[in-house]
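# A look at the structure
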Amino acid sequence: MIVVSAKDLTKEYGTDVILDKVSFHINQGDRIGIIGVNGAGKTTLLKILTGEIPCEGGAFFISSEIRTGYLHQDGGFDSEKTVIEEVESIFGDFPQMEQEMESILARVEALAGGAVENAADETEDVIEGMQTGVGGAPLQTDAAGAATESRRLLEQYDALQERFKAKGGYTYKSEMKGVLSSMAFSEDSYDKKISTLSGGEKTRLALACLLLRKPDILFLDEPTNHLDIGTLKWLEQYLKNYKGTIVLVSHDRYFLDQTVNRVFEIENHKLSIYEGNYSFYAAERGKRREAELKNYEKQRKEIERQEEMIRRFKQRGTEKLARRAASREKRLAAMELAEKPEKSHGKMKLSFRENFQSGKDVMVAENLSKSFGYGMRRTELFHGVSMDIKRGERVCIVGANGIGKTTLLRMLMGDMACNTGRIKLGHNVQIGYYDQGQLLLNDANTVIEELQDAYRLYNDTDMRNILGRFLFRGEAVFLPIGSLSGGEKARLSLLKLMLSGANVLLLDEPTNHLDIESKEVFEEALLDFPGTCIIVSHDRYFLNRIPTRIMELTEAGMENYLGTYDYYVEKKQQQVQSGKKYLEQLSGKQEKQESALQEDALQEELSSAERRRQQKEREAEERRIKRQKDGLEKEIAALEAEIADLEEAVCQEENATDHVKLAQIGSLLEEKRGTLEEKYEAWLALSEQ
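Rules of the game
- All residue numbers refer to position in the chain's written sequence, counted from 1.
- Local features in a predicted model are, by the rule used here, given only for residues with pLDDT of at least 70; side-chain atom pairs are given and counted only at 80 or more, and totals for whole chains, interfaces and linings are based on all residues.
- Note: side-chain values were computed over all heavy atoms of the structure, leaving out hydrogens and water.
- A run of H or I in DSSP becomes a helix once it reaches four residues, and a run of E becomes a strand once it reaches two; helices and strands are each numbered from the N terminus.
- Between buried and exposed lies partly exposed: a residue is buried under 20% and exposed over 50% of the maximum accessible area for its type, with that area taken using a 1.4 Å probe on protein chains only.
- Note that accessible areas follow from Shrake-Rupley with a 1.4 Å probe, and for residues the cover is restricted to the protein chains shown.
- Strands qualify as paired when DSSP identifies two bridges or more between them.
- Helix axes are fitted only over the stretch in contact, all axes being lines through C-alpha atoms; the angle between N-to-C directions runs from 0 to 180 degrees.
- Only heavy atoms enter the contact rule, under which two residues are in contact if any of them lie within 4.5 Å.
- The pLDDT score gives, residue by residue, the confidence of the prediction method on a 0 to 100 scale.
- What makes a nonpolar core is a set of buried Ala, Val, Leu, Ile, Met, Phe, Trp, Tyr and Cys residues whose side-chain atoms join them at distances within 4.5 Å.
- What makes a crossing left-handed is the near helix being turned counterclockwise from the far one by less than a right angle; a clockwise turn instead makes it right-handed.
- Geometry of aromatic contacts follows a simple scheme: Phe, Tyr and Trp rings, the Trp one being its six-membered ring, pair when their centres are within 6.5 Å, and the pair is stacked under 30 degrees between planes, edge-to-face over 60, tilted otherwise.
- Two conditions define a charge located above a ring, namely a distance within 6 Å from the ring centre to NZ of Lys or CZ of Arg, and an angle within 35 degrees of the ring normal.
- Polar contacts here mean pairs of N or O atoms no more than 3.5 Å apart (in protein, one a potential hydrogen donor and the other a potential acceptor; neighbouring residues in sequence count only if both atoms are side-chain atoms).
- We count a salt bridge whenever a side-chain nitrogen from Lys or Arg sits within 4 Å of a carboxyl oxygen from Asp or Glu.

A few words on the overall build of the protein. Within the protein, the regular secondary structure consists of 20 helices and 18 strands. A burial count over the protein gives 40% of its 689 residues as buried. Accessible area for the protein stands at about 38700 Å²; split by element, carbon and sulfur atoms hold 49% of it.

Listed below in structure tokens is the structure:
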């Protein structure tokens, strides 16, 4: 079912065209990823679809029955409530329903009590009448009326309770705490005023509230901003299981790969659709552009050939050739011309160089710790952090939000003192620093003034040429820095870093505000850089390309993983499994000891014949469970193979344009996934016996 339909959407700001006759449709259950360079119009499209801004041309349709939710890129959260008050307001119906149910039960109890009293009074009246010889019928009791009213109230209570249960009334508190915990809000932060939260905390809270509201369509603008890797993985899993439709803007390539099944690319004011995730888009985009260019060139050559033949026919001067020339001219005029593929807006040109080489030993840190506050209010970020960095290494630091990654970088560059430990820099080390908030830029300067303040040896022409390499062209060099977007500030910071000639780069979340093309250019520049890089990042695609080593910062120190992100995840899983195995072994030993003691006691009470009978029953039960588990495992393997085949069929080129077949495959895929989930539940139940 189509839930969003758009036809020829056009958006302009003055003479600048942002979107030009954009058309598309979105089906129920789609996961759409909107990508494009900074300024392409991604956020603009979301704002049009959510009704925040109008469009100059075209129209779109969203059913009035569809509930939508929109996460702004900056969170857009401004409230004087506390964290918990804001979240509880989402479930405002539940407390009222609980009060109503309690009120009904109280009325039922009151009726029951009143009926008993009335019945007792009537009995006394009858007895008294018999004793005094008074004739006549006994007094009418209200018990029957009370019973009828009680039944009506209980029916009302049952209906209300069913509605309460169906809407999640018995689970909303645990769900609320679970989502808040996943968004890094501990119970200690529940009473914080929203106005006192940081920008990142407000964005995470806005996302938590939006997920708890469960709209039919989620519009998410850069939902991965301010999330650490653990939270990102939780969000990916949550969105995979989300029942509604998702439309998101993101530059996080790994996140896009995990969450979307269609990609909308906005480039040169147009929208192109790719039926797959980011990896499919990346591979298909090059093929499509090459095919479009070949088709255009082929048609252009054919037009030139036809025009040359028409010219020659006309030159012959015969009536027959003139008629043929006229016929060809008509066919040529009726030909549908292929549009010339537009050139890309241009890529940032970035290359890092070092003014001179550092020594082999770049940096040594021993037993570093950092804490803030005093006495009872003292908070320790980490302790026991040691590292040894060699020339040419690309070290990426990961860790939970708030663990102190940025603080550690500032300590390494000498901008902040450590509580304990020491840091020793090697020979000829020159540090260049990129801060994720671009706080080192002067908002009062223009773009060119910022560069001139830092590097006075370049003349204006050189400056403008250099800025042009970073996509600051024409009048853009005179824009005040305070008016620049996050992506533009990021490019300017990288330009200053490039010109510094530093041989050690300390980079704090350098890909946060870069579009995908700029990220790719930046990554290539880092891979070509002969110096040393120490980088804080949660960009998992970046972490799979760049590091020679990953270091995880924890409260108790630093752990090293010699490889990229996938290797890091694999080793972490092995550690978790080893820990579980150890605990299982330990638990197994304890269980065996307890079981042995129990068995000794039983043996004293039971005869040998009784023990043999029980042993046979246990063995028979174990064989039965094993047969059932083996059968389920075969069924699970077969279902997983069928699902893999269906998922592959969805991505096949011959099915991409056959919407009927895609719908059939999707329906069958959903059915198989449901069956697989049931089989897994049954297998788990048997495993726990």
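A separate point is the sheet that holds strand β13 (residues 420-425). Strand order in the open sheet formed by 3 strands is β11-β10-β13, and the pairing between neighbours is antiparallel. Strands at the two margins of the open sheet, each flanked by one partner only, are β11 (379-390) and β13. On average, adjacent strands in this sheet sit at an angle of 15 degrees to one another, irrespective of strand direction. Here 5 bridges tie strand β10 (residues 361-372) to β13, and the two strands are oriented antiparallel to one another. What sits directly across from Met363, in β13, is Leu425. Sheet strands touched by helix α11 (residues 405-412): β10, β11 and β13. Its angle to β10, the strand with the most contacts, is close to 130 degrees.

The strands that make up a sheet pair up through hydrogen bonds in the backbone, lying either parallel or antiparallel. With mixed pairing, 6 strands are arranged side by side in an open sheet as β5-β6-β7-β3-β8-β9. Of all the strands in the sheet, the pair left with one neighbour each is β5 (68-71) and β9 (270-274). Going from strand to strand, the sheet's axes swing by 15 degrees on average, the running direction of each strand aside. Against the sheet, helix α6 (residues 199-213) engages β5 and β6 (217-221), with an angle of about 170 degrees to β5.

Let's shift gears to the confidence of the model for the protein. Across the protein, pLDDT averages 81, with 86% of residues at or above 70. By mean pLDDT, the top-scoring element of the protein is strand β16 (residues 532-536) (95), and the lowest-scoring one is helix α3 (residues 93-132) (63). Ignoring residues within four places in sequence, the model shows residues 119-141, a span with pLDDT below 50, making 8 contacts including any to other chains.

The next thing to look at is helix α1 (residues 42-49). By the criterion of burial, α1 is predominantly enclosed, with 6 of the 8 residues buried. All of the buried residues in α1 are Lys42, Thr44, Leu45, Leu46, Ile48 and Leu49. At the C-terminal side of α1, Gly51 shows a positive phi close to 80 degrees.

On to the nonpolar core. Across soluble globular proteins, you tend to see nonpolar side chains buried next to one another. One finds Leu180, Leu205, Leu220 and Leu239 to be the most contacted residues of the largest nonpolar core, which totals 51 residues. When residues in this core are grouped by element, the largest group, 8 residues, is from α6. Membership of the second largest hydrophobic core comes to 47 residues, among which are Tyr254, Met463, Ile535 and Phe542.

The next point concerns the packing of helix α5 (residues 172-182) against α6. The geometry of α5 relative to α6 is characterised by a closest axis approach of 10 Å and an angle of 145 degrees between their N-to-C directions. Taken as a pair, α5 and α6 cross one another with a handedness that is right-handed. Contacts between α5 and α6 pair Glu175, Met176, Val179 and Leu180 from the former with Leu205, Ala208 and Leu212 from the latter.

Time to look at the packing of aromatic side chains. For the coordinates displayed, the defined rule picks out 12 aromatic pairs. On the numbers, 6.1 Å between centres and 90 degrees between planes, the contact of Tyr278 with Tyr541 is edge-to-face. One end of the pair, Tyr278, is in helix α9 (residues 278-316); the other, Tyr541, is in helix α16 (residues 540-545), with 263 residues separating them in the sequence. On the accessibility criterion, Tyr541 (28% relative accessible area) is partly exposed. Where Tyr561 meets Tyr568, the ring centres are 5.1 Å apart and the plane angle is 85 degrees; that geometry is what we call edge-to-face. Exposure remark for Tyr561: the relative accessible area of 3% places this residue in the buried category. Exposure remark for Tyr568: the relative accessible area of 10% places this residue in the buried category. An aromatic cluster is present here, built from Tyr254, Tyr561, Tyr565 and Tyr568 joined pairwise through their rings. Just above the ring of Phe185 sits the side chain of Arg204; from NZ or CZ to the centre is 5.4 Å.

Turning to its location among the elements, Ser537 is positioned in the loop between β16 and α16. Within the structure, Ser537 has its side chain in polar contact with the backbone nitrogen of Asp539 (distance 3.0 Å). When neighbours within four sequence positions are excluded, Ser537 is seen to be in contact with Ile397, Val398, Glu509, Thr511, Phe542 and Leu543.

By the definition in use, this model includes 28 salt bridges. Of the charged contacts, one joins Arg300 and Glu297 as a salt bridge, the two residues approaching to 2.6 Å between their closest N and O atoms. Highlighted residues: Arg300 and Glu297, both in helix α9, separated by 3 residues, approximately one helical turn. Relative accessible area serves as the criterion here: at 34%, Arg300 is assigned to the partly exposed category. The exposure class assigned to Glu297 is partly exposed, which follows from its relative accessible area of 28%.

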